[in-house]
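Geometric and topological summary
Here's the letter readout for the chains.
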Amino acid sequence: MGESLQFLFRRAGWYLATMWVVYTVSFFLMHAVPGGPFDAERNLPPEVRKNVEAQFNLNDPLPVQYFDHLTRALRGDFGASIKIPDFTVNEIIGQGFPISASLGLFAMVFAVCLGTTAGVVSAIRRESFVDFSFMVAATLGIAVPNFVLASLAIILFVFQIQLLPAAGWGSLKQIILPAICLGAPYAGYISRLTRTGMLEVLGRDYIRTAFAKGLSERRVVVRHALRGALVPVVSYLGPAVAGVMTGSLVVEKIFALPGMGSHFIEAAFQRDYPLALGVVVVYTALVLLMNTMVDFSYAILDPRVKLGEL
Amino acid sequence: MTEPLLQVDDLRVEFRTDEGVVRAVDGVSFDLAPGETLGIVGESGSGKSVTNLAMLGLIPQPPGRISSGRALYRDEDLLTANAQRLSQIRGRHIAMIFQDPMTALNPFLTVEEQLTEVTRLHLRHSHDEAIAHAIDMLEQVGITGADKRVFDYPHQFSGGMRQRVMIAMALSCNPDILIADEPSTALDVTIQAQILDLMKQLQTDHGTSIIMITHDLGVVANICHRVLVMYGGKIVERADVDSLFANPRHPYTLGLLDSVPRWDTDITEKLRVIPGQPPDLANLPPGCAFYPRCSYREDRCQQSVPPAIERPDGGDFACFVDVDNVKPAEERT
């Protein structure tokens, strides 16, 4: 355990540095883009405009704005949103993130269960009809856009079978459809990764040894092959989970979910600087957290991996 | 003569490849007596490993296919046995060890997990019995501090030690037959000698029959009683070790013996080699597969495959030419 703590402490320093770099680059990049939050509004008299801008300190020199916002951000306060009146960035993220995150987790659990199972079965029965159908399904899952899949799912499960609600948030039943639609491309990708990983591992010498020992195929696959086959999947899961937990614009719009998926796009288009910085920081933190978990998973999966050497 | 433990009869194994059907094993027959060590010698691709993997159903099918033959183990044909029966035999009655101990052990599992799963499966050992047995086996193969090392992972052992672990694993159910596929090839020379001594020792202790697959004639001289020489998927010569070394009858065997470096010859002399490349098994010549590389070849060798001819001292060889009375091509002027 001491090794893990040491590893975390060493990582923490790097993480803070990474967050700062991401924050700084995002801040200046956003301000470098022409236009401001109030450009889209019609005919603001110069005085009014100045007043409104002063409310968000937009008239200060850029370095002053940067340090102001950074010192507040360090205390955990990202300020007031410019385009969503009467809400602070913290409140907006506090409301949207739990919804996007739980939807994302459901989607990922679905994707991992389906993807690894299909991948393992495909690898064992390679070049069979089953393998072929799974891989076609996987390609479809990756290629068909979310909104098409979501519309099909709504037609089928809401209007034809009338099994599930079409939209809204709050009950488990309402999560199922969006989670499946959100998870489908990930399931497809994971199944391909698992299949490739499994095929590679099944060709290794120690699998032949396991068969030569008289173990059944099931036992060889589950006990000897699976761990090695999952290593590439785990690498992929880190960034994928971070991405899916911060929300999807399309899925959240279609199923009318109050998540934070839309904020990424809208904050950038509307030059809502505090909100954009807030979601970028949340996303970065999540990516770093997930990468740490990936490293821990490596150490759990493979005894040769030492956390101290990562 | 005692009843053979294993009788392989006209075994043929094919692989479908992009270049056509490869006959990796082409009509191989041999016996293995109890307590005997049988060497199978040949170059890479001569079919020596495939022969043994096919007997245990370890050839991936497809692309592989066993097109004919029988492999009788105690009068039971392994080639027609169902998967469940084969699993009972593998590891319990016929065990294998492989060439590269670095890759043949599972890096994700401890030695204990890999050793105990065999005895728990085949001997129905309890958890504690299996661990005690695993420690005992590791001690028998000369691993010191076995009671602690048993819980280590393979990467914590050196190459020679890993091969000892492999041997302990293979012998842990006290099998009748141990198939050793180049067990010392990947090891240092000094470690090689230790591993061979260990195998000889364990054979005397347990009476196991060994099939030793190798391309190293030194290994053959050291450990084997009888030898099969394979070329192009066929057995070209078989004899007991002393007769083979004293009186090789097949030009390929001769070439192999000639290409062994010797301590008593002039060091300025170049090491002899068999010219040419191992045959392309997808496009074998119609007659003898060794024809293109043979120094004793005659026209008839191209027309038909030479039949097996009895050796006076037991065994047989497959060649038309009497190598004692014909000069090789390079000496004819």
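Here the structure is a predicted model, which means the values were calculated and not measured.

Take the overall build of chain B next. Secondary structure assignment for chain B yields 12 helices and 12 strands. Relative to a compact globule of 333 residues, whose C-alpha radius of gyration would be 20 Å, chain B shows 21 Å and is just as compact. Seen along its three principal axes, the alpha-carbon backbone of chain B occupies a region of about 70 × 50 × 45 Å. In chain B, which comprises 333 residues, the proportion classed as buried is 45%. Partitioning the intrachain contacts of chain B with sequence separation of at least 6 by distance along the chain shows that 65% fall at a separation of at least 24.

Looking only at helices and strands, one finds 12 helices and zero strands in chain A. Secondary structure elements in chain A, listed N-terminal to C-terminal, are α-α-α-α-α-α-α-α-α-α-α-α. Across its three principal axes, chain A shows a C-alpha extent of roughly 85 × 55 × 30 Å. Classification of the 310 residues of chain A by burial places 34% in the buried group.

Before going further, it helps to examine the interface of chain B and chain A. Listed by partner, the interface residues are 22 residues for chain B and 18 residues for chain A. In terms of residues, the side of chain B that touches chain A owes the most to one element, helix α4 (residues 111–122) of chain B, which gives four residues. Across the side of chain B that touches chain A, the residue classes break down as 11 nonpolar, seven polar and four charged.

Below, the discussion takes up the environment of Leu149 of chain A. Residue and element names in this part refer to chain A. As for its position among the elements, Leu149 is in helix α6 (residues 146–160). Its 21 C-beta neighbours within 10 Å are what place Leu149 among the buried residues. Along the primary structure Leu149 and Gly13 are separated by 136 residues, whereas in three dimensions their C-alpha atoms are 42 Å apart. The residues touching Leu149, leaving out its near neighbours within four places in the chain, are Val144, Cys181 and Ala184.

For the rest of this paragraph, the subject is unusual backbone geometry. All names here are of chain B. If you check the backbone angles, Arg74 has positive phi at about 50° while not being a glycine. Take Arg74: it is sitting in the loop between β4 (64–73) and β5 (76–77). One non-glycine residue, Asp75, lies in the positive phi region at around 70°. The class for Asp75 is exposed, based on 7 C-beta atoms found within 10 Å.

Packed helices, taken two at a time, are described by their axes: the angle between them and the distance between them. All names here are of chain B. The interhelical angle for the contact between helix α7 (residues 159–171) and helix α8 (residues 189–206), taken along N-to-C directions, is 20°, at an axis separation of 10 Å. One element, α7, and the other, α8, form an angle in the roughly parallel class. Where α7 crosses over α8, the two elements pack in a sense that is right-handed. Within the contact between the two elements, α7 uses Gly159, Gly160, Gln163, Arg164, Ile167 and Leu171 and α8 uses Ile191, Gln194, Ile195, Leu198, Met199, Leu202 and His206. Within the contact of α7 with α8, the residues separate by chemical class into seven nonpolar, five polar and one charged.

Where strands meet in a sheet, backbone hydrogen bonds hold them as pairs that are either parallel or antiparallel. Residue and element names in this part refer to chain B. Spatially, eight strands are ordered β6-β7-β8-β3-β9-β10-β12-β11 in an open sheet, and the strand pairing comes out mixed. The open sheet has two edge strands, β6 (94–97) and β11 (309–310), and neither has a second partner. In the sheet, strand β3 (residues 37–41) pairs with strand β9 (residues 226–231) via four bridges, with the strands oriented parallel. When the sheet's bridge partners are listed, Leu38 is paired in β9 with Arg226. Across the sheet, helix α1 (residues 48–55) touches β3, β7 (177–181), β8 (209–214) and β9, and the angle it forms with β8 is around 140°.

With that out of the way, let us pick up the confidence of the model for chain B. All names here are of chain B. When pLDDT is averaged across chain B, the result is 86; 98% of the residues are at 70 or more. Across chain B, element-level confidence peaks in β3 with a mean pLDDT of 93 and bottoms out in helix α12 (residues 300–303) with 83. In the predicted complex, the global pTM is 0.82; the interface-specific ipTM is 0.87.

Another point: the environment of Leu244 of chain B. All names here are of chain B. Of note, Leu244 is situated in helix α10 (residues 241–246). For Leu244 and Ala221, which are 23 residues apart along the polypeptide, the C-alpha to C-alpha distance reads 9.9 Å. Look past the residues within four positions of Leu244 in its chain and what remains in contact with it is Val227, Ala239 and Thr253.

Now for helix α5 (residues 129–143) of chain A. An ideal rise of 1.5 Å per residue puts 21 Å on 15 residues; α5 of chain A measures up with 21 Å between its terminal C-alpha atoms. Looking at the buried positions of α5 of chain A, the neighbouring elements they touch are α4 (89–124) and α7 (172–202) of chain A.

Time to look at the sheet that holds strand β1 (residues 6–17) of chain B. All names here are of chain B. A sheet is described by the order of its strands in space; here four strands give the open sequence β2-β1-β4-β5, paired in antiparallel fashion. For this open sheet the edge positions go to β2 (20–32) and β5, each flanked by a neighbour on one side alone. Pairing of β1 with β4, which is carried by eight bridges, proceeds in the antiparallel orientation. Paired with Phe15 across the two strands is Gly64, which belongs to β4.

Turning next to the domain arrangement of chain B. Residues and elements named next belong to chain B. Split into domains, chain B comes out as domain 1 (1–93 + 176–192 + 205–333) and domain 2 (104–172). The gap between the C-alpha centroids of domain 1 and domain 2 is 31 Å. Taken residue by residue, the interface counts eight residues in domain 1 and seven residues in domain 2. The residue makeup of the side of domain 1 that touches domain 2, split by class, is five nonpolar, two polar and one charged.

Below, the discussion takes up the confidence of the model for chain A. Chain-level pLDDT for chain A is 87 on average; 98% of the residues reach the 70-or-more range. When mean pLDDT is compared element by element in chain A, α5 of chain A scores highest at 93, while helix α2 (residues 46–55) of chain A scores lowest at 79.

Another point: the pairing of β3 of chain B. Each regular strand displays side chains that alternate between the two surfaces of the sheet. Residues and elements named next belong to chain B. Counted residue by residue, β3 has five buried out of five residues, so it is predominantly covered. As paired elements, β3 and β8 share five bridges and run parallel to each other. Following the sheet pairing, Leu38 is matched in β8 by Ile211.

Each turn of an α-helix holds 3.6 residues, which means side chains three or four residues apart point in the same direction. In this model helix α1 (residues 2–32) of chain A runs 45 Å from its N-terminal to its C-terminal C-alpha over 31 residues, within 8% of the 45 Å that 1.5 Å per residue would give. Burial analysis of α1 of chain A places just one of its 31 residues in the buried class, a small minority of the element.

Further remarks concern the packing of α4 of chain A against α5 of chain A. Residues and elements named next belong to chain A. Close contact between α4 and α5 brings their axes to 8 Å; oriented N to C, the two are set at 140°. The element α4 and its partner α5 pack so that their crossing is left-handed. On the side of α4, the interface is formed by Ala118, Val121 and Ser122, while α5 contributes Val130, Asp131, Phe134, Met135 and Ala138. Within the contact of α4 with α5, the residues separate by chemical class into six nonpolar, one polar and one charged.

Turning our eyes to something else, we now look at the pairing of β8 of chain B. All names here are of chain B. With six of six residues buried, β8 lies mostly within the body of the structure. In this structure, β7 lies alongside β8, joined through five bridges in parallel fashion. Looking at β8, one finds that Ile179 is bridged to Ile211. In this view, the connection linking β7 to its parallel neighbour β8 by way of α8 has right-handed handedness.

About the criteria used
- Numbers given for residues are sequential positions, taken from 1 along each chain in its written order.
- Just so you know, chain letters begin at A and ligand numbers begin at 1, following the order they were written in.
- Totals for whole chains, interfaces and linings use every residue, but because this is a predicted model, local features are given only for residues with pLDDT of at least 70 and side-chain atom pairs only at 80 or more, for both listing and counting.
- Each helix corresponds to a stretch of at least 4 residues labelled H or I by DSSP, and each strand to a stretch of at least 2 residues labelled E; elements are numbered beginning at the N terminus.
- Computation of the radius of gyration draws on C-alpha atoms alone. For the globule rule, the value is 2.2 Å times the number of residues to the power 0.38.
- For the exposure call, what matters is how many other C-beta atoms sit within 10 Å of a residue's own: 20 or more marks it buried, 12 or fewer exposed, and in between partly exposed, using C-beta atoms placed from the backbone.
- Note on contacts: each residue gets a C-beta atom placed from the backbone, and two residues are in contact if those atoms are within 7 Å.
- Residue classes follow a fixed rule: Ala, Val, Leu, Ile, Met, Phe, Trp, Tyr, Cys and Pro count as nonpolar, while Asp, Glu, Lys and Arg count as charged, and any other residue, Gly among them, counts as polar.
- Only C-alpha atoms enter the line fits that serve as axes; for helices the fit covers just the stretch in contact. Angles between N-to-C directions range over 0 to 180 degrees.
- Should an angle lie under 35 degrees it is considered roughly parallel, over 145 roughly antiparallel, and from 65 to 115 roughly perpendicular; all remaining angles are considered oblique.
- Put simply, a crossing is left-handed when the front helix is turned counterclockwise from the back one by less than a right angle, and right-handed when it is turned clockwise.
- Should DSSP find at least two bridges between two strands, the strands are taken to pair.
- Each residue gets a pLDDT score, which is the predictor's confidence in that residue and runs from 0 to 100.
- Take the number of residues in a helix, subtract one, and multiply by 1.5 Å to get its expected span.
- Domain boundaries shown here were taken from an automatic or database domain assignment.
- Consider the strands pointing away from the viewer: the crossover is right-handed when the path from the first strand over the helix to the second runs clockwise.

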